Each structure stands twice: as structure tokens, then as C-alpha cells.
Amino acid sequence: MDLSLKIYDKLSLAMGSSGTPYRGGLLALARAFQPLPSFRRGNHVWNPGELPAGLYYNLEAVFAEEDVQPDGKSVVRLVLPDQLFFCEETYFYNEPSTTRMRCITAGSVWKVSASDYAMIHREFGLGFDLINLLSLKTLGEYRSRTAQLLQCAPKVRLEQAVRQYPSLLSALTREELASFLLLSRSSVHRILSKTYGRG
Amino acid sequence: MDVAKSMEGARVRDEARKVLLNSFRGLLSSDWNRIEAWAKDLEMRYEGPFEYKPGEVFWDMGDTRSDHFFILDGLVAEVWRSPNDESFIYALVGGGEYCTNEFQYLLGEPSRSRFEVIQPTRVLVLRPEEEHQLRQSSSPWEQLSFEVGRNILKKRRERLRLLSGDREKHLIHLFNKYPGAQEWATKEQLASYLGVSRATIYRILDRLGFIVSKETL
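Please read these numbers as outputs of a predicted model, since none were measured by experiment.

*Asks:* Which residues make up the overall build of chain A, and what values go with them?
*Replies:* When helices and strands are counted, chain A shows nine helices and eight strands. What you see for chain A is a C-alpha radius of gyration of 18 Å, in line with the 16 Å of a compact globule of 199 residues. Taking the principal axes of the C-alpha coordinates as reference, chain A spans close to 55 × 35 × 30 Å. The buried share among the 199 residues of chain A stands at 36%. Long-range pairs, those at least 24 residues apart, make up 68% of the contacts in chain A with a sequence separation of at least 6.

*Asks:* Run through the domain arrangement of chain B, naming residues and quoting values.
*Replies:* Residue and element names in this part refer to chain B. Here the domain parsing of chain B yields domain 1 (2-164) and domain 2 (165-209). Look at where the C-alpha atoms of domain 1 and domain 2 centre, and you get two points 25 Å apart. Listing elements by their share of the side of domain 1 that touches domain 2, those giving two or more residues are strand E3 (68-81), strand E4 (87-94), strand E6 (113-126) and helix H5 (141-163). Considering each element in turn, the side of domain 1 that touches domain 2 owes the most residues, four residues, to E4. When its residues are assigned to classes, the side of domain 1 that touches domain 2 shows nine nonpolar, four polar and one charged.

*Asks:* Just give me the short version of the interface of chain A and chain B, but keep the residues and values in it.
*Replies:* Facing 28 residues of chain A, the contacting portion of chain B comprises 23 residues. The set of elements that each furnish at least two residues to the side of chain A that touches chain B consists of strand E4 (62-69), strand E5 (72-79), helix H3 (88-93), helix H5 (129-150) and helix H6 (154-164) of chain A. In terms of residue count, H5 of chain A provides more of the side of chain A that touches chain B than any other element does, 12 residues in total. Here the residues of the side of chain A that touches chain B are counted per class, giving 14 nonpolar, 10 polar and four charged.

*Asks:* Quick one: what's the story with helix H9 (residues 185-196) of chain A, residue by residue and with numbers?
*Replies:* An ideal rise of 1.5 Å per residue puts 16 Å on 12 residues; H9 of chain A measures up with 15 Å between its terminal C-alpha atoms. Taken from the residues just after H9 of chain A, Gly197 of chain A is the one with a positive phi, measuring 65°.

*Asks:* Kindly report on unusual backbone geometry, identifying the contributing residues and their values.
*Replies:* The general pattern is negative phi for most residues beyond glycine and trans for most peptide bonds. With an omega of 10°, the peptide bond between Gly48 of chain B and Pro49 of chain B qualifies as cis. Summarising the element assignment, Pro49 of chain B is placed in strand E1 (residues 47-52). Residue Asn94 of chain A is not a glycine yet carries a positive backbone phi of 55°. In this model, Leu182 of chain A sits at a positive phi of 55°, which is unusual for a non-glycine residue. Looking at where Leu182 of chain A falls in the secondary structure, it is placed in the loop between helix H8 (174-181) and H9.

*Asks:* Quick rundown of H8 of chain A? Include the residues and the values.
*Replies:* Residue and element names in this part refer to chain A. The set of residues buried in H8 consists of Leu177, Phe180 and Leu181. Along the long axis of H8, the arc covered by the buried residues comes to 85°, so they all point the same way. Trailing H8 by a residue or two, Leu182 shows a phi angle of about 55°, which is positive.

*Asks:* Tell me about the environment of Arg77 of chain A, and name the residues and values.
*Replies:* All names here are of chain A. Tracing the chain through its elements places Arg77 in strand E5. Overall, Arg77 belongs to the buried group, with 24 C-beta atoms counted inside 10 Å. Through-space distance from the C-alpha of Arg77 to that of Glu66 is 7.6 Å; in sequence the pair is 11 residues apart. Discounting residues that sit within four places of it in the chain, Arg77 has contacts with Glu65, Glu141 and Arg145.

*Asks:* Which residues make up the packing of H5 of chain A against H5 of chain B, and what are the values?
*Replies:* One can describe the packing of H5 of chain A onto H5 of chain B by two numbers: an axis separation of 10 Å at closest approach and a directional angle of 25°. The angle between H5 of chain A and H5 of chain B falls in the class roughly parallel. When the axes of H5 of chain A and H5 of chain B are compared, the crossing they make is left-handed. Facing Ile131, Asn132, Ser135, Thr138, Leu139, Tyr142, Arg145, Thr146, Leu149 and Leu150 of chain A of H5 of chain A, the residues of H5 of chain B in contact are Glu142, Ser145, Phe146, Gly149, Leu153, Arg156, Arg157, Arg159, Leu160 and Leu163 of chain B. The residue inventory of the contact of H5 of chain A with H5 of chain B, partitioned by class, reads nine nonpolar, six polar and five charged.

*Asks:* Can you lay out the packing of helix H1 (residues 3-15) of chain A against helix H2 (residues 23-31) of chain A for me, pointing to particular residues and giving the numbers?
*Replies:* Residues and elements named next belong to chain A. The geometry of H1 relative to H2 is characterised by a closest axis approach of 8 Å and an angle of 135° between their N-to-C directions. Put simply, H1 runs oblique to H2. You can see that H1 and H2 cross each other, and the crossing is right-handed. Along its contact with H1, which presents Ser4, Ile7, Tyr8, Leu11 and Ser12, the element H2 presents Arg23, Leu26, Leu27, Leu29, Ala30 and Arg31. Partitioned by chemical class, the residues of the contact of H1 with H2 number seven nonpolar, two polar and two charged.

*Asks:* Give a detailed account of the domain arrangement of chain A, specifying residues and quantitative values.
*Replies:* Residue and element names in this part refer to chain A. Each assigned domain of chain A is listed with its residue range as follows: domain 1 (3-150) and domain 2 (151-199). Distance between the C-alpha centres of domain 1 and domain 2: 25 Å. Domain 1 puts 11 residues into the contact, and the matching count from domain 2 is 14 residues. Elements with a minimum of two residues in the side of domain 1 that touches domain 2: E5, strand E7 (99-105) and H5. Per-element accounting of the side of domain 1 that touches domain 2 gives the leading share, five residues, to H5. Broken down by class, the residue content of the side of domain 1 that touches domain 2 amounts to eight nonpolar, three polar and no charged.

*Asks:* Would you mind going over the sheet that holds strand E8 (residues 109-112) of chain A in detail, with residue names and values included?
*Replies:* Residue and element names in this part refer to chain A. Taken together, the four strands give an open sheet; going across it, the order is E1-E8-E3-E6, and neighbouring strands pair in antiparallel fashion. The two strands at the open ends of the sheet, each matched to only one other strand, are strand E1 (34-35) and strand E6 (83-85). Inspection of the sheet shows E1 paired to E8 by two bridges, in the antiparallel sense. Bridge pairing in E8 places Pro35 opposite Trp110.

Reading the values: the criteria
Residues numbered from 1 in each chain as written. Chains lettered and ligands numbered in written order. Predicted model: local features only at pLDDT ≥ 70, side-chain atom pairs only at ≥ 80, totals over all residues. Helix = DSSP H or I, 4+ residues; strand = E, 2+ residues; numbered from the N terminus. Rg over C-alpha atoms; globule rule 2.2 N^0.38 Å. Buried ≥ 20, exposed ≤ 12 C-beta atoms within 10 Å, placed from the backbone. Contact = placed C-beta atoms within 7 Å. Domains from an automatic or database assignment. Nonpolar A, V, L, I, M, F, W, Y, C, P; charged D, E, K, R; others polar. Expected span 1.5 Å × (residues − 1). Arc of directions from axis to C-beta. Axes fitted to C-alpha atoms, helices over the stretch in contact; angles between N-to-C directions. Parallel < 35°, antiparallel > 145°, perpendicular 65-115°, else oblique. Left-handed = near helix turned anticlockwise from the far one by under 90°. Pairing = 2+ DSSP bridges.

Next up, the structure:
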């Protein structure tokens, strides 16, 4: 399947009936995605202080968005294959990023540049509907992640994360998994051995 | 006496509406000259102020109305039932902030959360019927929604950051942001908000000097 059609399907499905008036705009947007050089494990899509404007589509890689603070770092979200993503501070507020988007599993990423995005947005009058849709996606991700971190029982915390990200166990090392769930490595090892038969 | 009461009521209403209009101005400052008349019309459509007592709810789980609430003062907890069927205090909302039944408004689903008042709270309310009228004509409603949404996203991101760190810092942040929580929130509510046990919240409060006399666990 042509990648731009795949992205178009993703956008229009997400917008539902409210996307109908914007079919032309969504198609133009999907066609404007261009491949970036492939990402390898450890590469960064963006770093704190940068202004990574535009919209990204992750074809097959896995990324962790890390919130970098003076007193440590935390994982805000994971980006799995076949997902749109963006730097929230820059996309929503036109401010420099406070996060780092780090590649965990190698793969390719496509991007609409900020100038193409702005031009299509203006030409097709996409208004606030698209941006509100992406806000909605972010709200959902935050809600799930907050639930994970409020969950006291480590086993349930892991089970919930696996439900949200089915490929989690194969995508992350045990150390990354422990960091993502804010658990010790020994806890992760113990739960994996007992629950999933893998340590 | 009735005249005095009525005048007092009008004064309270005027003051509440000024607070709301100032909030709109803050959110839409870059376009304010163009939007001011529309914002004044929107402000007039809000009802209230209404007063809620601790324990009362704005809406409950399963509700399908999505009134828009603007909190003048007080503190409200969003008690959320996660897909795991467990309840947490997902967020606290206080003076100057907006809230609506997000599940209904954004996803068209019955609410999976309950908005429960923690300390006496006053609100202005915009009914969906009024919002619907606003949406029928071209209006900056989407722009306002976006600005309100941006603030909510920022707040939720900050909450994630705090949850990923030290719970003591999270609690101090909570008390600084919503001083009423210190007086009105129960230990169970604080534990639910921080994702810790009741015993842990006692330990934290004790360590921070918020418990003067030892209470029974």
C-alpha cells in the first residue's frame, strides 16, 4: 500500500466524520510526508532546546520520549510503529522542546516539514480540527500513562503497559522497561518470570 | 432587606463574570480586539455562580451531559476509573481552571470519571445548548477550546513529570498550587492522587511537618 494512502487513512479515520470537509487537505498532507534518514538505536529525532516543528510518521521504529529535567529523566511516552507523532511544545506552543525523542528500535520515519504543513493547513483551511484531534490523541496517551504510574502494584503496572503497548516486551530491554515503569530491575525480572515465563 | 440581598447577588454575579472575561482575555490575548464582543456574548451565556459543597459532584460516572464549568474558587477532584477498573484521583482542578465531561465532549462516550468537590467551590456553567448555538455561527469557539486544551495538556504533562519523581515533591507542589487541599483533602484522597498507600501518605505528611499530633493509622 502506498505510504501516503496509509497515512491518509490514518488521518481520516482518526478525524471521523469531522474529517469529511477536509479530505483534500488530509490527502495533500499525507502526500507531503518525506522520508528522513533511517534512525538507529540511540539516535535522537529531537533534543531538549530544539524546535522540531512539523508532523512525523513512524513507519517501523520504536522511540521513547524522555522528559529531561535537572533532577533526572522520565519517559513520557513510547512511539510504536505506524503512529503519528510530534514534539508537543513546538507543535502546540511554538516553544523549544524539553524532551528527547530517542530511538530504541531502528527503522524509518517520515515527516511533513513545518513550511509544507503550514502551507497545506492554510490552503485547505484545516483550522483547529486537526490540531484538536492530535491534542485528543495526546490526552489519551497521558491518561493511560498516568494510570500506569498511579498503579501501586508492579505486576498490574506491567500488565497494563503491555495492554497499551502490545510489543513492549520485545521492544525494550529489561533496563528500559524498568525505567519506563519506574520499577527496579529485579521487580521487572521477577514479574516477567512469573507472569510471562521470561526474565 | 430583599433589595440589599438582590443587590449583593448582582454584585457577586458581576464579579464572577469579570473573572471569566479576564480568563478569556488571557487565553485569546493576541486576537482580543477582534474577539472581545464575541467573548462578552459568550460570558453572558454562562449561568451562575453556583455553589457546591464538599462531597457534591459536577457529574458522575456514566453521565452523558457535557456542561462546561469554569471554577471561580475552590477545589474539585476528577476521580477516574481506569480500564483496569481501579479508581484514582486523576486530576485536581481549582480556581481559574476549566473542566468538562471529557469522555462525552471529546469522545462521545458516557463519562468514566466523576468530578467530586473537595472544598467549597463556586462555578459558572455553560450549557451544551448554549455552546451549540455558538457553534452554529462562525466563531472563535474552536480557538478558545484549543487554548483551554493547551493548558490542560501542559498541566497533565506536568503531572506525569511529578508522578515520575519524588512523591514528597509532588505533594508540596500540590499544596503550593491548591492551598485548600491541605485543609480539605482527606488522607485517602491525597493517597489516591499520589498513587501511594494511606500509610505512606501519613509518613510523608509527618516528615513534612503537616501532622502535628500523631493520628491513628
